[in-house]
Amino acid sequence: MNRFLSSRNLGGWLLVAPLVAVLAVFLVLPIVMIVIVSFWQTTEFSIVPAFDLANYEFLFGSSVTYDVFLNTFRYAAITWALTLGIGFTVSWFLAFHVRSPTTQIALALLCTVPFWTSNIIRMISWVPFLGRNGLANQGLLSMGVIEQPLEWLLFSDFSVILAFVHLNTVFMIIPILNSMMRIDRSLIEAARDAGASPFQIMTNVVIPLCKPGIMIGSIFVLTLVMGDFITVRFMSGSQSANVGRLISNDVGLLQYPSASATSVVLLLTVLLVVAMMLRLVDIRKEL
Amino acid sequence: MKGAWVRGIRGKNDLELVSLTKRYGDTVAVDGINHLFAPESYVCLLGPSGCGKSSTLRMIAGHETVSDGAIILDGQDISGLPPARRGTAMMFQNYALFPHVSALDNVAFSLKMKGIAKADRQARAMKLLDLVDMTHLAARLPAQLSGGQQQRVALARALITEPSVLLLDEPLSALDPFLRIRMRAELKRLQRALKITFIHVTHGQDEALALADEVVVMNNARIEQAGPARDVWGTPKTEFVARFLGGHNVLSLPSGRFSLRTDEIAFGATGHEAVVTAVEFHGAHVAVTARLAGDQELLVRTPEAAFYADPKSPGDAVRLRWDESCLHPVAP
């Protein structure tokens, strides 16, 4: 008994036990539940336990599904490209232009400011800014840049992407910055010594060494955007749809089996995307 | 012959520093130094940490801006040029190999930057790896190489640009003592084969003496003394050089301060009275510390056999003598 208690294995198990318990009860079990419910039958007034593929048949038979999934991918791809661009340049600035570590940390923390208030409040506060009579339009009108208020600033794909980028860029910055900070400065000098231009230093030294950070940030952003529904609902003024909204609408109509089937398909899609990305860069090797 | 890849015969690749100065804010790291390096020679910049030797090297390389003065190579002021256009190449202290590419691609890096086709640049990189006997490990990543092997790759990478001056920033400090001695022989052999100037920064005086055709001793942002290794060691001009190079005592006499080699002092029946304070066995020699009247300490290096023929212990009263011609005046 003593030997068992003092073994390293037990200590290890005790350390991970709380997380394992939480994940098992509150993540694995619900997902299993969702998979089971996705095969149930619905009538107008009841949900019947069964093993029926009707939910999936309906899902894959409807053109709406394909449009909505396509739209979800579109949002994810555009947001990913923009957050990657912004995240990379901001990290570059923080890692290679800011000299003092204190300033670096302070500025990196500044990137998290959008998280200091609730998501809903943040999105609602876009309305007086981007609306037809909002600050942006008034400013542009008074400067004479435009003659009519711009209609596409709010409740449009533009505002959805804007909110996504605003929300998710920090998830790109932090891992890329972490990778960049670990690049030995003498590598940059060695590249300069070998005649590399700043652009060549970026493509031949910095980007290859930042790959793990870029990949981790990309996984964060893609999974967050693909699973989102509230941003799309608020920022598009309920005019655009993504898979998350499809699910939330079903839930609103108490169509749990249908919502579950859509969830399962979304989950598999996201897992597939992440698996493909992991094939591109072996994070284990590069961490 | 392995050095034959160097194109043709070069002209005189004289490297000259003209009142070269580096200031960081109010601190002066390099204070207007002037020096003409002998061409095709192995030069060691020697000094304690913070003496300005690394800043000097990095200014020559182009990784540090020049606050004042000029660096002349082959008749041209290179101090405003980017590193790769200076005709210099640098080998970094921790080698700075790119961790994500193989040894071969590390060596071929500068050729890739010039846009030379893959097959061509890899063939040329292979020749350089052959020069440092590393062809068999060409496909390895830097992390899969030992310290000595990494250094060889770094050397090949610096040499592929066909520099007329190779700059080495404490190249041996990361190696264990055994490997250090082997690698320094290798460096010297390469320098002889390539017939280019090597400028090697070090704080180890034994390393400098072993390698250098010319030693440049720096202290407090200035050059204290420069010259052939044997001259600098044999006749140090300043007290600092005498103490830093070792093997010397600095004696205060009424007529001034003098350096006196530790192996030119002998025990005898006549001479200056002293008391032994410490005895250390160093293998071939024994180092005896003795205190002269007037509280000056002297280090005496005696051959081991001579010492044990008439051993001394701490506390023994002895007499020390030396030839007056062995005293060299030193500036403070």
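Residues numbered from 1 in each chain as written. Chains lettered and ligands numbered in written order. Predicted model: local features only at pLDDT ≥ 70, side-chain atom pairs only at ≥ 80, totals over all residues.

Q: Looking at this model, I keep getting lost on the overall build of chain B. Mind explaining?
A: A tally of regular secondary structure across chain B gives nine helices and 17 strands. Based on the C-alpha atoms only, the size of chain B along its principal axes is roughly 75 × 45 × 35 Å. Looking at the 332 residues of chain B, the share that counts as buried comes to 41%. Counting contacts in chain B only where the partners sit at least 6 residues apart, residues at least 24 apart contribute 64% of the total. (Helix = DSSP H or I, 4+ residues; strand = E, 2+ residues; numbered from the N terminus. Buried ≥ 20, exposed ≤ 12 C-beta atoms within 10 Å, placed from the backbone. Contact = placed C-beta atoms within 7 Å.)

Q: Can you help me understand the overall build of chain A in this one?
A: Within chain A, the regular secondary structure consists of 15 helices and two strands. Taking 287 residues into account, the globule formula puts the C-alpha radius of gyration at 19 Å, and chain A, at 24 Å, lies well above it. Along the first, second and third principal axes, the C-alpha atoms of chain A reach 80 × 70 × 35 Å. With 287 residues in all, chain A has 29% of them scored as buried. Excluding contacts between residues fewer than 6 apart, the proportion of contacts in chain A whose partners are at least 24 apart in sequence is 69%. (Rg over C-alpha atoms; globule rule 2.2 N^0.38 Å.)

Q: Honestly, the sheet that holds strand E1 (residues 15-24) of chain B in this entry has me stumped. Any pointers?
A: Strands pair in a sheet through their backbones, by hydrogen bonds, and they do so in one of two ways: parallel or antiparallel. All names here are of chain B. The strand order across the open sheet formed by four strands is E2-E1-E4-E5, and the pairing between neighbours is antiparallel. Whereas interior strands pair on both sides, the edge strands pair on one side only; in this sheet they are strand E2 (27-37) and strand E5 (76-77). By the bridge criterion, five bridges tie E1 to strand E4 (residues 68-73) in an arrangement that is antiparallel. Following the sheet pairing, leucine 15 is matched in E4 by leucine 73. (Pairing = 2+ DSSP bridges.)

Q: Sorry, what's going on with the interface of chain B and chain A here?
A: Size of an interface, as often reported, equals the accessible area lost when the parts are brought together. Of the residues lining the interface, 16 residues belong to chain B; the matching set on chain A comes to 14 residues. Of all the secondary-structure elements, those providing two or more residues to the side of chain B that touches chain A are strand E6 (88-91) and helix H2 (103-113) of chain B. In terms of residue count, H2 of chain B provides more of the side of chain B that touches chain A than any other element does, three residues in total. Partitioning the side of chain B that touches chain A into residue classes produces 10 nonpolar, five polar and one charged. (Nonpolar A, V, L, I, M, F, W, Y, C, P; charged D, E, K, R; others polar.)

Q: Teacher, can you tell me more about helix H5 (residues 177-194) of chain B here?
A: Note: α-helices contain 3.6 residues per turn, so residues at a spacing of three or four share the same orientation. Residues and elements named next belong to chain B. Between its first and last C-alpha atoms H5 spans 26 Å; for 18 residues at 1.5 Å apiece the expected length is 26 Å, and the two agree. If you check which residues of H5 are buried, you get Arg184, Leu187, Leu190, Gln191 and Leu194. The buried residues of H5 occupy an angular sector of 125 degrees when projected down its axis, which confines them to one face. With respect to the buried face of H5, the exposed residues turned more than 90 degrees away are Phe178, Arg182, Ala185, Arg189 and Arg192. Trailing H5 by a residue or two, lysine 195 shows a phi angle of about 55 degrees, which is positive. (Expected span 1.5 Å × (residues − 1). Arc of directions from axis to C-beta.)

Q: Sorry, what's going on with the domain arrangement of chain A here?
A: In terms of domains, chain A is made up of domain 1 (1-31) and domain 2 (69-285). Put simply, the middle of domain 1 of chain A and the middle of domain 2 of chain A, counted by C-alpha atoms, are 34 Å apart. (Domains from an automatic or database assignment.)

Q: Quick question: what am I supposed to make of the packing of helix H11 (residues 198-227) of chain A against helix H14 (residues 256-280) of chain A here?
A: Angle between the axes and distance between the axes: these two values describe a pair of packed helices. Residue and element names in this part refer to chain A. Relative orientation of the contacting elements H11 and H14 amounts to 165 degrees, with a least axis distance of 11 Å. Classified by the angle between their axes, H11 and H14 sit roughly antiparallel to one another. Handedness of the crossing formed by H11 with H14: right-handed. In contact with Met215, Ser218, Ile219, Leu222, Thr223, Met226 and Gly227 of H11, H14 contributes Val270, Val273, Val274 and Met277. Broken down by class, the residue content of the contact of H11 with H14 amounts to eight nonpolar, three polar and no charged. (Axes fitted to C-alpha atoms, helices over the stretch in contact; angles between N-to-C directions. Parallel < 35°, antiparallel > 145°, perpendicular 65-115°, else oblique. Left-handed = near helix turned anticlockwise from the far one by under 90°.)

Q: Please clarify how the nonpolar core should be interpreted in this entry.
A: Soluble, globular proteins show a tendency: their nonpolar side chains are buried together. Among the nonpolar cores identified, the biggest contains 117 residues, and Ala156 and Leu167 of chain B are the most heavily contacted of them. One finds Leu260, Ala274, Leu298 and Val300 of chain B within the second-largest nonpolar core, a separate group that totals eight residues. (Core = buried A, V, L, I, M, F, W, Y, C linked by C-beta atoms within 7 Å.)

Q: Please clarify how the sheet that holds strand E12 (residues 256-261) of chain B should be interpreted in this entry.
A: Strand order in the open sheet formed by three strands is E11-E12-E17 (chain B), and the pairing between neighbours is antiparallel. Each of the sheet's edge strands pairs with one partner strand only, and the pair in question is strand E11 (248-253) and strand E17 (328-329) of chain B.

Q: Please clarify how the pairing of strand E14 (residues 285-292) of chain B should be interpreted in this entry.
A: A regular strand places its side chains on the two faces of the sheet in alternate fashion. All names here are of chain B. Here strand E13 (residues 266-281) pairs with E14 via seven bridges, running antiparallel. Counted as the bridge partner of alanine 274 is leucine 292 from E14. The turn linking E13 back onto E14 is made up of three residues, and glycine 283 within it adopts a positive phi angle of 95 degrees. The sheet contact formed by E14 and strand E15 (residues 297-303) spans seven bridges and is antiparallel. Considered in E15, the bridge of alanine 290 is made with leucine 298. In this antiparallel pair of consecutive strands, E14 and E15, the connection spans four residues, and glycine 294 shows a positive phi of 95 degrees.

Q: Where do I start with the packing of helix H10 (residues 185-193) of chain A against H11 of chain A in this structure?
A: All names here are of chain A. For the pair H10 and H11, the least separation of the axes is 10 Å and the interaxial angle reads 135 degrees. Judged by the angle between their axes, H10 and H11 are oblique. Considering how the two elements wind past one another, H10 and H11 form a crossing that is right-handed. Between H10 and H11, the contacting residues are Leu187, Ile188, Ala191 and Arg192 on the first element and Ile201, Asn204 and Val205 on the second.

Q: Please clarify how the environment of glutamate 189 of chain A should be interpreted in this entry.
A: As for its placement among the helices and strands, glutamate 189 of chain A is situated in helix H10. Judged by C-beta crowding, with 20 C-beta atoms within 10 Å, glutamate 189 of chain A ranks as buried. Glutamate 189 of chain A sits 20 residues away from leucine 209 of chain A along the chain, and the two C-alpha atoms are 15 Å apart. Setting aside anything within four residues of it in sequence, one finds glutamate 189 of chain A in contact with His63 and Ala96 of chain B.

Q: How should the environment of phenylalanine 88 of chain A be read in this particular structure?
A: You can see phenylalanine 88 of chain A is positioned in helix H4 (residues 63-97). Sequence spacing of phenylalanine 88 of chain A and aspartate 228 of chain A is 140 residues, and the spatial spacing of their C-alpha atoms is 23 Å.

Q: Explain the confidence of the model for chain B to me, please; I cannot follow it from the model alone.
A: All names here are of chain B. Residue-level pLDDT values for chain B average 89, and 96% of them are 70 or greater. Every residue in residues 1-11 is under pLDDT 50, and counting partners more than four places away or in other chains gives 10 contacts. Listed scores for the predicted complex are pTM 0.82 and ipTM 0.82. (pLDDT = per-residue confidence, 0-100.)

Q: Any chance you could explain unusual backbone geometry here in plain terms?
A: What you tend to see is this: most non-glycine residues have negative phi, and most peptide bonds are trans. All names here are of chain B. We note that aspartate 74 has phi near 55 degrees; this positive angle belongs to a residue other than glycine. Looking at where aspartate 74 falls in the secondary structure, it is placed in the loop between E4 and E5. For aspartate 74, a count of 17 C-beta atoms within 10 Å corresponds to the partly exposed category. Even without being glycine, aspartate 133 reaches a positive phi, approximately 55 degrees. Within the secondary structure, aspartate 133 sits in the loop between helix H3 (118-131) and helix H4 (147-159).

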